[in-house]
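The chain contents come next:
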Amino acid sequence: MEFSELIRTGQAQAELLRGPEVPPLRGTLCVTGHHLLLSPGAQATPDLWLLLLRSVDSIEKRVAGDSGTITLRCKDLRVLQLDIEGVEATMDIARSIEALSSLESVITSFPFFYRPKSLRLGDAWHCHPPESYYKRVARETNAWRLSEANEDFNLCPSYPRAVIVPRAVNDDVLARSARFRQGGRFPVLSYYHAPSGTALLRSSQPLTGPQKRRCAEDEELLRAVLAGARPGARGFIVDTRSVQAAKQARMTGGGTESKAAYLGWKRLHRPLERGRPLQESFVRLVEACGDLEQSMDRWLSRLEGCRWLSHVKETLSTACLAQMQPSNGGACILVHGTEGTDSTLLVTSLAQIILDPLSRTMAGFQELIEREWIQAGHPFQLRCAHSAFSHTRPKHEAPTFLLFLDCVWQLSRQFPLSLEFGEGMLLALFDHAYASPFGTFLCNSEKERCLCEVRTRTHSLWSGLNQPKEQRKLRNPLYVPNPSAIWPSVEPQSLRLWQGLFLRWTRPPEPSEVAWEKVWQIVTDQEKAEGSPPTVSASESQP
């Protein structure tokens, strides 16, 4: 298929309205295979306005007289209006955008064509392999090993080629355990807590079914986890479903670990919302944020009614529970829900940021995203197919990754000196997860990325974000390394709406944002005076 077949008209004269605080832009509007661009006249600024078509979430069109209007609602929550001369041109451009923004083929997406001069293919793809975290674990204990039993993705199509497992179990045990877990996601190490000698693991639900089936190898794997921890260590299984949901899952072939079969392990249910209810909560929040005419009482009622901050509270509370046991009680934790690709990753990644100082550095946070979300099999292609504006009924969409970023933002607000990265990093990750010129968030698993040759044919997001000119937007100028755990408050007065994301296109900068820019200027001036330009932190040079 040629992109030209989907482009009904090449160009038209148009005026672009980008928001209440931005002046309109008038010029020639053009549609290409991946972008919508507007070129101002020669008398105006020479800069092109460019929009990646993949970032369009929904499109509305209307005509009146001899002109038309197209409203583009974007996945990054922007709302753009195009006033176009000519009814036929309006309809042709609208149809072109609809067709090009909804292409399902991965290999025709823009990352496979993006070739910036400042980057080389292959850069940064090798920065965060599974082996790098294993080396850190191996320096602390010999109770774990790096298994390549999934090298061909036959055991688990959503796991990476190499995973960290107890040294005491062989690959045959892993294979049998994989057949007993949904999607083959057998328990693997997520984080090793060296001070207590305990571990945080993740998996999917066991397939016990109505007959309450058992798997000796799966039980052996979890016994080995406790045996490799410090003497007398206990185990807790944090199930991110309600008791009722777990019982219903058992009737359809899923289930939970029984106390009799998994000696030393105790099950805790901490239900977290997922799927369609979470997506609907996101949609209602964005709708409330976009209504600029409502009263304060109406606004507060809608904010509470969407329950987004309730999801933030429940997620942070569960993450704290998952790390409270390793840090205080010396217990191992296994986290799972149903598939183990959504709320499970949400809990394990947040728990590490709370407890592990390295995960709060720029390099460590990037490694965490790569290891606990991308390589761990979060289906980005499905979950981020649409944002909050799509008119289609949600199928697989869910803002799980956005919920993670919001929770991290809450941590950064409560502990403003403890994270090396700032809000700019979180906003960049949100934008790129939904639409990006880089290949990092493409596909749903490492297996799919290998089949599409993503690592050899596209650029890594980390290579772009780690450019020196980008670091000013992403780093926290007030960062001071904090070796302690950062336990957040989840009281209602402690959790705030993330205005920098949900209101960033509809309000002027707040005084705090202006002050933040001044802080950056002070830090930059000081570094120049000392003769050392701003650099990426030393932690990024560690192997």
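Source: prediction; values computed, not measured.

1. Observations regarding the overall build of the protein
Now for step 1: The number of helices and strands found in the protein is 19 helices and 14 strands.
Now for step 2: A globule of 543 residues ought to have a C-alpha radius of gyration of about 24 Å, and the protein, at 24 Å, matches this closely.
Now for step 3: Each of the three principal axes of the protein carries a C-alpha extent, and together these read 75 × 60 × 50 Å.
Now for step 4: When each of the 543 residues of the protein is scored for burial, the buried share is 55%.
Now for step 5: Sequence-distant contacts in the protein: of pairs separated by 6 or more residues, those separated by 24 or more amount to 71%.

2. Considerations on the sheet that holds strand β12 (residues 235–239)
Sheets are built from strands paired through backbone hydrogen bonds, the pairs being either parallel or antiparallel.
Now for step 1: The strand order β10-β11-β14-β12-β13 describes an open sheet built from five strands, whose pairing is mixed. Edge positions in the sheet fall to β10 (188–193) and β13 (265–269), since each has one partner strand and no second. Put simply, the sheet's adjacent strands are angled 20 degrees from each other on average, direction ignored.
Now for step 2: With five bridges joining them, β10 and strand β11 (residues 198–202) adopt antiparallel strand pairing. Bridge pairing in β11 places Y192 opposite A199.
Now for step 3: Where helix α9 (residues 343–355) meets the sheet, it contacts β10, β11 and β14 (332–336), and its direction lies at approximately 150 degrees from that of β11.

3. Thoughts on the sheet that holds strand β1 (residues 11–17)
Now for step 1: Read across the sheet, seven strands follow the order β4-β3-β2-β1-β7-β6-β5 without closing on themselves; strand pairing throughout is antiparallel. For this open sheet the edge positions go to β4 (49–52) and β5 (56–64), each flanked by a neighbour on one side alone. The average undirected angle you get between the axes of adjacent strands in this sheet is 30 degrees.
Now for step 2: Pairing of strand β6 (residues 67–74) with strand β7 (residues 79–85) involves seven bridges; the strand directions are antiparallel. Looking at the pairing, T69 lines up with D83 of β7.
Now for step 3: On top of the sheet, helix α1 (residues 87–101) reaches β1, β2 (25–31), β3 (35–40), β5, β6 and β7; it is set at about 165 degrees to β5, its chief contact.

4. Here's the deal with the nonpolar core
As a rule of thumb, soluble globular proteins bury nonpolar side chains together.
Now for step 1: Grouped together as the largest cluster of nonpolar side chains are 66 residues, with contacts concentrated most on W308, F365, I369, F401, F404, L429 and F502.
Now for step 2: In terms of residue count, the dominant contributor to this core is helix α12 (residues 400–414) (nine residues).
Now for step 3: Apart from residues lying up to four places away in sequence, W308 is in contact with L278, S281, F282, L285, P399, L402, L403, D406 and F502.
Now for step 4: Listed in part, the 51 residues of the second largest apolar core include I164, F186, L321 and I333.

5. Some points on empty space enclosed by the protein
Now for step 1: Taken as a whole and judged by the stated rule, the model has three cavities of 30 Å³ or more.
Now for step 2: The computed volume of the largest cavity comes to approximately 130 Å³.
Now for step 3: Lining the largest cavity are P130, P160, A162, V163, I164, V188, L189, R202, R371, E372, Q375 and A376.
Now for step 4: Sorting the residues of the lining of the largest cavity by element identifies β9 (163–166), β10 and α10 (362–374) as the ones contributing at least two each.
Now for step 5: For the lining of the largest cavity, the class distribution of residues is eight nonpolar, one polar and three charged.

6. Regarding the packing of aromatic side chains
Now for step 1: Enumeration according to the criterion identifies 16 aromatic pairs in this entry.
Now for step 2: Measuring from ring centre to ring centre gives 6.5 Å for F282 and F502, while their planes differ by 65 degrees; the resulting arrangement is edge-to-face. Separated by 220 residues along the polypeptide, F282 in helix α6 (residues 275–290) and F502 in helix α18 (residues 499–502) bring together distant segments of the chain. Residues F282 and F502 agree in their burial class; the two are buried.
Now for step 3: Each ring, one from F365 and one from F404, has its centre 6.2 Å from the other, and the planes form 15 degrees; the classification is stacked. With F365 in helix α10 and F404 in helix α12, this residue pair connects regions lying 39 residues apart in the sequence.
Now for step 4: Residue classification places F365 among the buried residues on the basis of a relative accessible area of 0%.
Now for step 5: With relative accessibility at 0%, the residue F404 sits in the buried group.
Now for step 6: Looking at R78, its charged tip hangs above the ring of W505, at a distance of 5.3 Å from the centre.

The rules we used
Residues numbered from 1 in each chain as written. Predicted model: local features only at pLDDT ≥ 70, side-chain atom pairs only at ≥ 80, totals over all residues. Heavy atoms only, no water. Helix = DSSP H or I, 4+ residues; strand = E, 2+ residues; numbered from the N terminus. Rg over C-alpha atoms; globule rule 2.2 N^0.38 Å. Buried < 20%, exposed > 50% of the residue type's maximum accessible area, 1.4 Å probe, protein only. Contact = heavy atoms within 4.5 Å. Pairing = 2+ DSSP bridges. Axes fitted to C-alpha atoms, helices over the stretch in contact; angles between N-to-C directions. Core = buried A, V, L, I, M, F, W, Y, C linked by side-chain atoms within 4.5 Å. 1 Å grid on protein atoms, 1.4 Å probe; cavity = no way out; pocket = protein on both sides within 12 Å on 5 of 7 lines; lining within 4 Å. Points joined across faces, edges and corners; volume = space filled by probe spheres on them. Nonpolar A, V, L, I, M, F, W, Y, C, P; charged D, E, K, R; others polar. Phe/Tyr/Trp six-rings, centres within 6.5 Å; stacked < 30°, edge-to-face > 60°. Lys NZ or Arg CZ within 6 Å of the ring centre and 35° of its normal.

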